[in-house]
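For reference, the chains in residue letters:
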2 protein chains.
Amino acid sequence: MQIAILLYDRFTTLDAVGPYDTLSRIPGAETVFVGERTGTYRNDVGSLGMVADAPLSDVTAPDILVVPGGPGPLALMEDGPLHEWLRAVDARTTWTTSVCTGSLILGAAGLLKGRRATSHWAALDQLPGLGAEPTGERVVFDGKYVTAAGVSSGIDMGLALAGRIAGDEVAQAIQLGIEYDPRPPYDAGSPDKAPAEITAMIREGRFPLAGEE
Amino acid sequence: MQIAILLYDRFTTLDAVGPYDTLSRIPGAETVFVGERTGTYRNDVGSLGMVADAPLSDVTAPDILVVPGGPGPLALMEDGPLHEWLRAVDARTTWTTSVCTGSLILGAAGLLKGRRATSHWAALDQLPGLGAEPTGERVVFDGKYVTAAGVSSGIDMGLALAGRIAGDEVAQAIQLGIEYDPRPPYDAGSPDKAPAEITAMIREGRFPLAGEE
């Protein structure tokens, strides 16, 4: 079973690593980080480099495709070789997935038309323009398309998908292995729980979550 | 404020990325990935490469030190240049932290003597031999030493530490930015919650969480 995780400039690291550190632990999984070029991609903050080992042309039939999000997708909304690759591999995947604004890339490539999907809470309103129906769920399954909400939700998606693929016991073993028994010190992880002023700060870009472009 | 995150062969990615994707978003933070050599380090599964931009000698006075865990620490328990560096920078840090079995490295370097600390649940019994007192808490503060339990607990540690450093509002903004409103699809994230057979499988190494060395 091959898992392909897309890298690009200004991706959000945890978007990629949540699904990675769950799905890659399924027995028999082989994971490859893939990019339009091979080599190091810098993340949204700028201080982290992660390596794409394979060019798009080397990955033609992954079983699972994972598209992370971040501020980077804003530069990836135009049709071109990346979208062509996404459509070509999607035609052969068992599961096509995204985390956070990765769903905007899938949508821009035409893969979410008429499907229920999610994204980072602050980007949900962009889904209808791409033909998708936004939901407020954290992880959305619509056929083989699995989209997760913002950043950290990729861990929940990875475990849910591991259960579908390999069974509940394998998914539970992975959860226990990564000791995923979350205890957030605050209850501010969604816009309906966070103080309104903090939600407004994020929505209006007044809190610099990412580095300068 | 400089944050130094240590990389080494066979680190667990989420151990590093949980603290990274929370702490690096504190306004004014500057994060550097540091290693005994610069360049790409492969993680525990083997399919992911992350880049250390600075050698140990370039990072002499970080405000925060983060030591991730994984199977890699087993090779890092002997005294030598890495332990010397850990002791030297610890003498100047405001916070010295670890995730998962990263606490075993800190302990082996002599930094947790007489302190309350934690580690991955399956490694807790190694702490007393290093002079530390194990606790069952997910995130343990003992003075400036902050240790977190297995893998995913680094997210909780990062948010708790962000709150201490920059205040509750900043920590909440980061939590909302990464949409950390966890909904694990199973309740198997700690050994007292997971089915006993699954706990035994992990403890006895019968579930291959990492790649072959």
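Since this is a predicted model, take the numbers as computed values, not measurements. (Residues numbered from 1 in each chain as written. Chains lettered and ligands numbered in written order. Predicted model: local features only at pLDDT ≥ 70, side-chain atom pairs only at ≥ 80, totals over all residues. Heavy atoms only, no water.)

Counting its regular elements, chain A contains 6 helices and 11 strands. Here the C-alpha atoms of chain A give a radius of gyration of 16 Å, agreeing with the 17 Å that 2.2 N^0.38 yields for 213 residues. Taking the principal axes of its C-alpha atoms as reference, chain A extends roughly 45 × 40 × 35 Å. The 213 residues of chain A split such that 63% are buried. Carbon and sulfur atoms make up 48% of the accessible area of chain A, which amounts to about 7,400 Å² in all. (Helix = DSSP H or I, 4+ residues; strand = E, 2+ residues; numbered from the N terminus. Rg over C-alpha atoms; globule rule 2.2 N^0.38 Å. Buried < 20%, exposed > 50% of the residue type's maximum accessible area, 1.4 Å probe, protein only. Areas by Shrake-Rupley, 256 points an atom, 1.4 Å probe, with all protein chains shown as cover.)

Attention now goes to unusual backbone geometry. The bulk of non-glycine residues show a negative phi, and the bulk of peptide bonds are trans. Of note in the backbone geometry, R10 of chain A takes a positive phi value of approximately 65° without being a glycine. Counting through the fold element by element, R10 of chain A comes out in the loop between β1 (2-6) and α1 (13-23). With a phi close to 35°, V151 of chain B is a non-glycine residue in the positive phi region. Counting through the fold element by element, V151 of chain B comes out in the loop between β11 (145-148) and α4 (153-166).

With that settled, the discussion passes to the relation of the copies chain B and chain A. With an RMSD of 0.0 Å, the fit of chain B onto chain A corresponds to turning through 180° and sliding 0.0 Å along the axis. On this basis, the relationship between the two copies can be described by a two-fold rotation axis. For chain B, the minimum C-alpha distance to the rotation axis belongs to M50 of chain B and amounts to 2.3 Å. Interface overlap between copies: 100% of the residues of chain B at the interface are likewise at the interface in chain A, consistent with a symmetric, same-surface contact. (Least-squares fit on C-alpha atoms with pLDDT ≥ 70 in both. Contact = heavy atoms within 4.5 Å.)

Among the nonpolar cores identified, the biggest contains 144 residues, and M50, W85 and L86 of chain A together with M50, W85 and L86 of chain B are the most heavily contacted of them. Setting aside residues up to four positions removed in sequence, W85 of chain A forms contacts with L6, V34, L56, V59 and L65 of chain A. (Core = buried A, V, L, I, M, F, W, Y, C linked by side-chain atoms within 4.5 Å.)

Glancing now at the interface of chain B and chain A. The partner chain A presents 70 residues to the 70 residues of chain B that form the contact. With both chains or domains summed, chain B and chain A bury close to 6,000 Å², and 60% of this area falls on carbon and sulfur atoms. The tally of links between chain B and chain A comes to 6 salt bridges. Of the charged contacts in the structure, one is a salt bridge between D44 of chain A and R25 of chain B, with a shortest N-O distance of 3.1 Å. (Buried area = accessible area lost by both parts, 1.4 Å probe. Salt bridge = Lys/Arg side-chain N within 4 Å of Asp/Glu carboxyl O.)

On to the UniProt feature "domain: DJ-1/PfpI" (unreviewed entry) in chain A. UniProt's entry tags residues 2-161 of chain A with the feature "domain: DJ-1/PfpI" (unreviewed entry), counted in the numbering of this structure. Spanning residues 2-161 of chain A, this segment combines 23% helix with 26% strand, and its end C-alpha atoms are found 14 Å apart. (UniProt positions renumbered as here; feature names shortened; annotations may be inferred.)

Turning to the packing of aromatic side chains, a few remarks are in order. The description of an aromatic ring pair uses the distance of the two centres, along with the angle that the planes make with each other. Inspection of every chain in the model, using the stated rule, returns 4 aromatic pairs over all chains. Between Y20 of chain B and F33 of chain B the ring centres are 5.2 Å apart and the planes differ by 50°, which places this aromatic pair in the tilted class. Residue Y20 of chain B is located in helix α1 (residues 13-23), and its partner F33 of chain B is located in strand β2 (residues 30-35); the two are separated by 13 residues in the primary sequence. On the basis of relative accessible area, F33 of chain B is assigned to the buried category, the value being 0%. The ring of Y41 of chain A has R37 of chain A sitting right over it, with the charged end atom 3.9 Å from the ring centre. A cation over an aromatic ring shows up here: R164 of chain B above the ring of F141 of chain B, its NZ or CZ 3.8 Å from the ring centre. (Phe/Tyr/Trp six-rings, centres within 6.5 Å; stacked < 30°, edge-to-face > 60°. Lys NZ or Arg CZ within 6 Å of the ring centre and 35° of its normal.)

For S190 of chain B, the position within the fold is in the loop between α5 (168-177) and α6 (196-203). On the basis of relative accessible area, S190 of chain B is assigned to the buried category, the value being 7%. Looking at S190 of chain B, its side chain comes within polar contact range of the side chain of D192 of chain B, at 2.5 Å. Ignoring sequence-local partners within four residues, the contact set of S190 of chain B consists of L176 and D181 of chain A. (Polar contact = N/O pair within 3.5 Å; in protein donor to acceptor, adjacent residues only side chain to side chain.)

For the rest of this paragraph, the subject is the packing of α1 of chain A against α1 of chain B. Relative to each other, α1 of chain A and α1 of chain B sit at 150°, their axes nearing to 10 Å. Here α1 of chain B runs roughly antiparallel to α1 of chain A, going by the angle between their axes. Note on packing geometry: the crossing formed by α1 of chain A with α1 of chain B is left-handed. On the side of α1 of chain A, the interface is formed by T13, L14, V17, Y20 and D21 of chain A, while α1 of chain B contributes T13, L14, V17, Y20 and D21 of chain B. (Axes fitted to C-alpha atoms, helices over the stretch in contact; angles between N-to-C directions. Parallel < 35°, antiparallel > 145°, perpendicular 65-115°, else oblique. Left-handed = near helix turned anticlockwise from the far one by under 90°.)

Once that is clear, we can look at the packing of α4 of chain B against α5 of chain B. Residues and elements named next belong to chain B. The contact between α4 and α5 brings their axes to 7 Å, and the two run at 145°. Regarding α4 and α5, the two cross each other, and that crossing is right-handed. Mapping the contact onto sequence places L159, A162, G163 and A166 in α4 and D168, V170, A171, I174 and Q175 in α5. Each residue belonging to the contact of α4 with α5 can be placed in one class, and the counts come to 6 nonpolar, 2 polar and 1 charged. (Nonpolar A, V, L, I, M, F, W, Y, C, P; charged D, E, K, R; others polar.)

A word on the sheet that holds strand β1 (residues 2-6) of chain B. Residue and element names in this part refer to chain B. Spatial ordering of the open sheet is given by β5-β2-β1-β6-β7-β11-β10, a layout of 7 strands whose pairing is mixed. Both edges of this open sheet fall to β5 (54-55) and β10 (139-142), since each of them pairs with a single strand only. Sitting on the sheet, helix α2 (residues 81-90) is in contact with β1, β2, β6 (64-67), β7 (95-99) and β11, with an inclination near 150° to β6. (Pairing = 2+ DSSP bridges.)

Right, let's get into the pairing of strand β4 (residues 49-52) of chain A. All names here are of chain A. Neither face of β4 is exposed, since G49 and V51 on one face and M50 and A52 on the opposite face are all buried. Pairing analysis gives 4 bridges linking strand β3 (residues 39-42) to β4, with the strands arranged antiparallel. The partner of T40 across the bridge, within β4, is V51. The hairpin formed by β3 and β4 contains 6 residues between the paired strands, and G46 there has a positive phi angle of roughly 105°.

Let us now look at α6 of chain B. Within α6 of chain B the residues assigned to the buried category are I198, T199, A200, M201 and I202 of chain B. Structurally, α6 of chain B contributes buried residues whose contacts are with α5 (168-177) of chain A. Phi turns positive, to about 70°, at G205 of chain B, one or two residues after α6 of chain B.

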